[in-house]
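# Overview (structure and organization)
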Amino acid sequence: MQHNFVTSALSADSLRATRSGGAVVRSAADDDESQGPGGSDGQIGIATKTRTRPKKPSMFKVLMLNDDYTPMEFVVMCLKRFFNMDLEQATRVMLHVHQKGVGVCGIFPYEIAGTKVNQVMDFARQNQHPLQCTLEKA
Ligand code: TYC
């Protein structure tokens, strides 16, 4: 039945669209080869559907962990340098981490959060401090 075929083709596409984040992409396996490549109308192409509004990126917390060896001044320097905090903010966050064991430096899209973690870890390593910084989904 023609109507049923259309319905099932649509639902297969919308299923795939959910998994691929909205883009509907036809693969070669979707083509009906009994009509020859491209079907009966002689057209070959990839049908795509672009989102009108881009999905907002998922956000990640950058966490700073306490340790017994990294100097407080060094942690404050990291917070000022990589998280653009002023002395007062940086001191508050550093003391929070010192007292509670962990604290949030900021919340960013994944790529930016990862870059910040790497910057802090590289800077700590260069200065031979054991300071640790990690990501957590916000
Ligand atoms: N606990 C460290 C000290 O007493 C200071 C410190 C604070 C280290 C925060 C790491 O993320 C940190 N020197």
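These lines cover the structure that appears in this document, whether it is placed above or below. Just so we're clear, the structure is a prediction, and the values are computed from it rather than from any experiment. (Residues numbered from 1 in each chain as written. Predicted model: local features only at pLDDT ≥ 70, side-chain atom pairs only at ≥ 80, totals over all residues. Heavy atoms only, no water.)

A few words now on the overall build of the protein chain. Across its full length, the protein chain carries 4 helices and 3 strands. For the protein chain, the N- to C-terminal ordering of α and β elements is α-β-α-α-β-α-β. Counting all 138 residues of the protein chain, 26% fall into the buried class. Excluding contacts between residues fewer than 6 apart, the proportion of contacts in the protein chain whose partners are at least 24 apart in sequence is 67%. Only carbon and sulfur atoms are counted for the fraction: they give 55% of the accessible area of the protein chain, which is about 9,900 Å². (Helix = DSSP H or I, 4+ residues; strand = E, 2+ residues; numbered from the N terminus. Buried < 20%, exposed > 50% of the residue type's maximum accessible area, 1.4 Å probe, protein only. Contact = heavy atoms within 4.5 Å. Areas by Shrake-Rupley, 256 points an atom, 1.4 Å probe, with all protein chains shown as cover.)

So, about the packing of aromatic side chains. Counted according to the given criterion, the structure contains 4 aromatic pairs. Centre to centre, the rings of Phe83 and Phe108 are 6.2 Å apart; their planes meet at 35 degrees, and the pair counts as tilted. On the criterion of sequence distance, the pair formed by Phe83 in helix α2 (residues 72-83) and Phe108 in strand β2 (residues 102-109) is long-range, its members being 25 residues apart. Across the pair, Phe108 and Phe83 agree in class, each one buried. Taking NZ or CZ as reference, Lys116 lies 5.8 Å from the ring centre of Phe83, over its face. Taking NZ or CZ as reference, Lys116 lies 5.2 Å from the ring centre of Phe108, over its face. (Phe/Tyr/Trp six-rings, centres within 6.5 Å; stacked < 30°, edge-to-face > 60°. Lys NZ or Arg CZ within 6 Å of the ring centre and 35° of its normal.)

Looking now at the sheet that holds strand β1 (residues 59-65). Here we have 3 strands laid out as an open sheet, ordered β2-β1-β3, and antiparallel in their pairing. Taken across any chain shown, the strands that pair with only one partner, and hence form the sheet edges, are β2 and β3 (132-137). With strand direction ignored, the average angle separating the axes of adjacent strands in the sheet is 30 degrees. The strands touched by α2 are β1 and β2; relative to β1, the strand with the most contacts, the crossing angle is about 160 degrees. Contacting β1, β2 and β3, helix α4 (residues 110-126) crosses the sheet at an angle of about 165 degrees to β3. (Pairing = 2+ DSSP bridges. Axes fitted to C-alpha atoms, helices over the stretch in contact; angles between N-to-C directions.)

It is worth spelling out the site of the ligand at this point. Taken together, Met64, Leu65, Asn66, Asp67, Thr70, Met72, Val75, Met94, Val97, His98 and Leu131 form the complete shell of residues around the ligand. Contacts to the ligand include Thr70, whose backbone N or O atom sits 2.9 Å from a nitrogen atom. Between His98 and the ligand, the recorded distance is 2.9 Å, taken from a side-chain N or O atom to a nitrogen atom. Look at the ligand: alone it shows 350 Å² of surface, and the protein chains cover 89% of it. Mapped onto the shell around the ligand, the elements with two or more residues apiece are β1, α2 and α3 (87-100). (Near = heavy atom within 4 Å. Polar contact = N/O pair within 3.5 Å; in protein donor to acceptor, adjacent residues only side chain to side chain.)

Let us look at the pattern of salt bridges. Under the defined criterion, the tally for this structure stands at 3 salt bridges. The shortest N-O distance in the salt bridge between Lys61 and Glu136 comes to 3.3 Å. In this pair, Lys61 is assigned in strand β1 and Glu136 in strand β3, connecting sequence segments 75 residues apart. Residue Glu136 is classed as partly exposed on the basis of its relative accessible area of 36%. (Salt bridge = Lys/Arg side-chain N within 4 Å of Asp/Glu carboxyl O.)

Let us now look at α4. Helix length check: α4, at 17 residues, gives a terminal C-alpha distance of 24 Å against a target of 24 Å (1.5 Å per residue), a fit within 8%. Residues Ala113, Gly114, Lys116, Val117, Val120, Met121, Phe123 and Ala124 constitute the buried set of α4. Summarising the contacts, the buried residues of α4 are in contact with β1, α2, β2 and β3. Immediately beyond the C-terminal end of α4, within one or two residues, lies Gln128, with a positive phi of roughly 55 degrees. (Expected span 1.5 Å × (residues − 1).)

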